[in-house]
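What follows is the residue order along each chain.
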Amino acid sequence: MHDAPPLVEREPLSAGLKQRHLTMLGLGGVIGAGLFVGSGAGIAVAGPGIVLSYLIAGALAMLIMRMLGEMSAAMPASGAFSVHAERALGRWAGFSVGWLYWFLLVVVLAVEATGAAQIAHGWLPAVPQWGWVLLFMVVFTAANLAAVKNFGEFEFWFATLKVAAIVLFLALSLLAVFGVLPDTEPVGLTNLTGHGGLLPHGWSGVVSGVLAVVFAFGGLEVVTIAAAESDDPARAVGRAVRSAVWRILFFYVGSMLVIVTVLPWSSMQPGKSPYVMVLDRVGVPGAGQIMNVVVFVALLSALNANLYGSSRMVFSLAERGEAPRGLLKVSSGGVPRRAVLASVAFGFVSVLLNLKWPDSVFLYLLNAVGAVLLFVWGLIAVSQLRLRPRIEREAPERLVLRMWAFPYLTWVALAAMGVVIVLMLTDDTARPQLLWSAGATAAVLVVAGLRELRARRVRG
């Protein structure tokens, strides 16, 4: 039996993030290209029922964030859920979830860097795509190697632009629905009631929509990692989680509702942003280029957040002896520079694999992390079930943010994740991703188990 670490430990990192940084990180960290471009795939399989799909997936994400917010407010740590898992279940759990999440971030980072480079290359073809990738990696590495407030400022303004774009989009779409814009007729509810009705593919379409959109909510977790570097972590993470989950749900569900109201769901075109199609419909000039700018910013924002999150996660692993101790070197400004450089190095390798072998080697890597988020969320829920009684017993005053209807909604969330896994197994498109991710998870669990056996042998 392992010795449970204390509930609160002092972090050697700086406290350079302000409340506004965390609030906008919570809002903007999850708003990415998956919403602006990828949501079209969900609409195609669910029709107007995509609104229900987002409600269901968003409700699950809200429950997970509430649990994570409860633990992070009571026990702030740069490793967030990895530290919570170790405290609740043992070193194997902290090791496994920490390294899997780090692996997820550095692989997805490659997709974001490549996507942003493709857009920039379209604007300035004279600069090769690899040149743009190199530029982005250098710029954001420099920002993350400097004071943490630089990361916070980048994310604050990136998130502000994304949120402003969605608010403007919602406003224009509502004006189009009511026929207030020049040269437009009221749309009404004809696109919701026609073309097969609200559920053209029945509830199976809604379920397929959930599979298509549930992973779009990944990224919210970074706000609890960042909270450890604020002046008042408990208060900061509580406020950020409370505001982020409700507003993001509003942005996601609100966007889908106006899209399927303004346009017939059957008009969705694969690979084309439904946001661009709506802006074209309401007569916004240059809609395609406007959304290109927004998607470009969203990709760079996600790249910056993933680089930050991966560096703090591997630093936290090193603190607990689960990663090389050399990564613990912290600058005079409280930045774990070696952890940043290690994450950049592996991220850059992922980018090169994506540029060289996008349909083979990198595709296998992407599939291997595709469903890892479910494992992370599952361990968050199990950790909260184990830690909540301990916090109530040892430090009840630290429960400044509480999970709703504990423990019932925690069990509901775990059951919902089990349902998602079963649905992925029965879906031909999602099954390979789940199986590859299960293989990666199993490999990390084996390594964690071997480390645990070796540690016991040494103690014995």
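Residues numbered from 1 in each chain as written. Predicted model: local features only at pLDDT ≥ 70, side-chain atom pairs only at ≥ 80, totals over all residues. Heavy atoms only, no water.

### A word on the overall build of the protein chain
Phase 1 of the analysis: Counting secondary structure elements, the protein chain contains 19 helices and 0 strands.
Phase 2 of the analysis: By the compact-globule yardstick of 23 Å for 460 residues, the protein chain fits well, its C-alpha radius of gyration being 22 Å.
Phase 3 of the analysis: C-alpha extents for the protein chain along the principal axes are approximately 75 × 55 × 40 Å.
Phase 4 of the analysis: Looking at the protein chain as a whole, 55% of its 460 residues are labelled buried.
Phase 5 of the analysis: For the protein chain, contacts bridging at least 24 residues in sequence account for 80% of all contacts bridging at least 6.
Phase 6 of the analysis: Accessible surface, the protein chain: about 18600 Å² in total, of which carbon and sulfur atoms supply 67%.
Phase 7 of the analysis: Taken as two groups, the 33 positive and 24 negative side-chain charges of the protein chain have centres that lie 6 Å from each other. (Helix = DSSP H or I, 4+ residues; strand = E, 2+ residues; numbered from the N terminus. Rg over C-alpha atoms; globule rule 2.2 N^0.38 Å. Buried < 20%, exposed > 50% of the residue type's maximum accessible area, 1.4 Å probe, protein only. Contact = heavy atoms within 4.5 Å. Areas by Shrake-Rupley, 256 points an atom, 1.4 Å probe, with all protein chains shown as cover. Lys, Arg positive; Asp, Glu negative; His and termini not counted. Charge placed at Lys NZ, Arg CZ, Asp CG, Glu CD.)

### Side note on the environment of G16
Phase 1 of the analysis: Checked against the element boundaries, G16 lands in the segment before α1 (19-28).
Phase 2 of the analysis: Taking the C-alpha atoms as reference, G16 lies 19 Å from L328; in sequence the two are 312 residues apart.
Phase 3 of the analysis: Every residue in contact with G16, bar those within four places of it in the chain, is listed here: H21, V148, K149 and E229.

### Comments concerning empty space enclosed by the protein
Phase 1 of the analysis: This structure, assessed with the given rule, holds 1 cavity of 30 Å³ or more.
Phase 2 of the analysis: Volume-wise, the largest cavity comes out at about 40 Å³.
Phase 3 of the analysis: At the level of elements, α4 (50-74) and α12 (233-262) are the ones that each hand at least two residues to the lining of the largest cavity.
Phase 4 of the analysis: Residues of the lining of the largest cavity, tallied by class, amount to 7 nonpolar, 1 polar and no charged. (1 Å grid on protein atoms, 1.4 Å probe; cavity = no way out; pocket = protein on both sides within 12 Å on 5 of 7 lines; lining within 4 Å. Points joined across faces, edges and corners; volume = space filled by probe spheres on them. Nonpolar A, V, L, I, M, F, W, Y, C, P; charged D, E, K, R; others polar.)

### Some details on the packing of aromatic side chains
Phase 1 of the analysis: For the structure shown, the criterion picks out 18 aromatic pairs.
Phase 2 of the analysis: Considering the side-chain rings of F250 and F251, the 5.8 Å spacing of their centres and the 55 degrees angle between planes classify their relative orientation as tilted.
Phase 3 of the analysis: Linked through ring pairs, W123, W132, F136 and F296 together constitute an aromatic cluster.
Phase 4 of the analysis: For the cation-ring pair, R20 lies above F156, with the distance from its terminal atom to the ring centre recorded as 4.6 Å. (Phe/Tyr/Trp six-rings, centres within 6.5 Å; stacked < 30°, edge-to-face > 60°. Lys NZ or Arg CZ within 6 Å of the ring centre and 35° of its normal.)

### Looking at the nonpolar core
Phase 1 of the analysis: Core analysis: the biggest nonpolar cluster contains 151 residues, and F81, F136 and W377 have the highest contact counts within it.
Phase 2 of the analysis: Contact partners of F136, with chain neighbours within four places excluded, come to A113, A116, A117, A120, F296, L300 and L303. (Core = buried A, V, L, I, M, F, W, Y, C linked by side-chain atoms within 4.5 Å.)

### Notes on a nonpolar patch on the surface
Phase 1 of the analysis: Side chains of W130, L134, V138, L352 and L355 sit close together on the surface and give an oily, nonpolar patch of about 480 Å² of accessible area.
Phase 2 of the analysis: Elements supplying a minimum of two residues to the nonpolar patch: α7 (129-145) and α15 (337-356).
Phase 3 of the analysis: Among the elements that make up the nonpolar patch, the one with the highest residue count is α7 (3 residues).
Phase 4 of the analysis: Assignment of secondary structure puts L352 in helix α15.
Phase 5 of the analysis: Residue L352 is classed as partly exposed on the basis of its relative accessible area, which comes to 45%. (Patch = residues over 30% accessible without salt bridge, like charges linked within 9 Å, V, L, I, M, F, W, Y side chains within 5 Å. Salt bridge = Lys/Arg side-chain N within 4 Å of Asp/Glu carboxyl O.)

### Quick notes on the side chain of S96
Phase 1 of the analysis: Positionally, S96 belongs in helix α6 (residues 91-123).
Phase 2 of the analysis: By relative accessible area, S96 is classed as buried at 0%.
Phase 3 of the analysis: Look past the residues within four positions of S96 in its chain and what remains in contact with it is F375, V444, L445 and A448.

### Focus: α12
Phase 1 of the analysis: Over its 30 residues, α12 runs 42 Å from end to end, which matches the ideal 44 Å to within 8%, given 1.5 Å per residue.
Phase 2 of the analysis: Most of α12 sits inside the fold, with 23 of its 30 residues counted as buried. (Expected span 1.5 Å × (residues − 1).)

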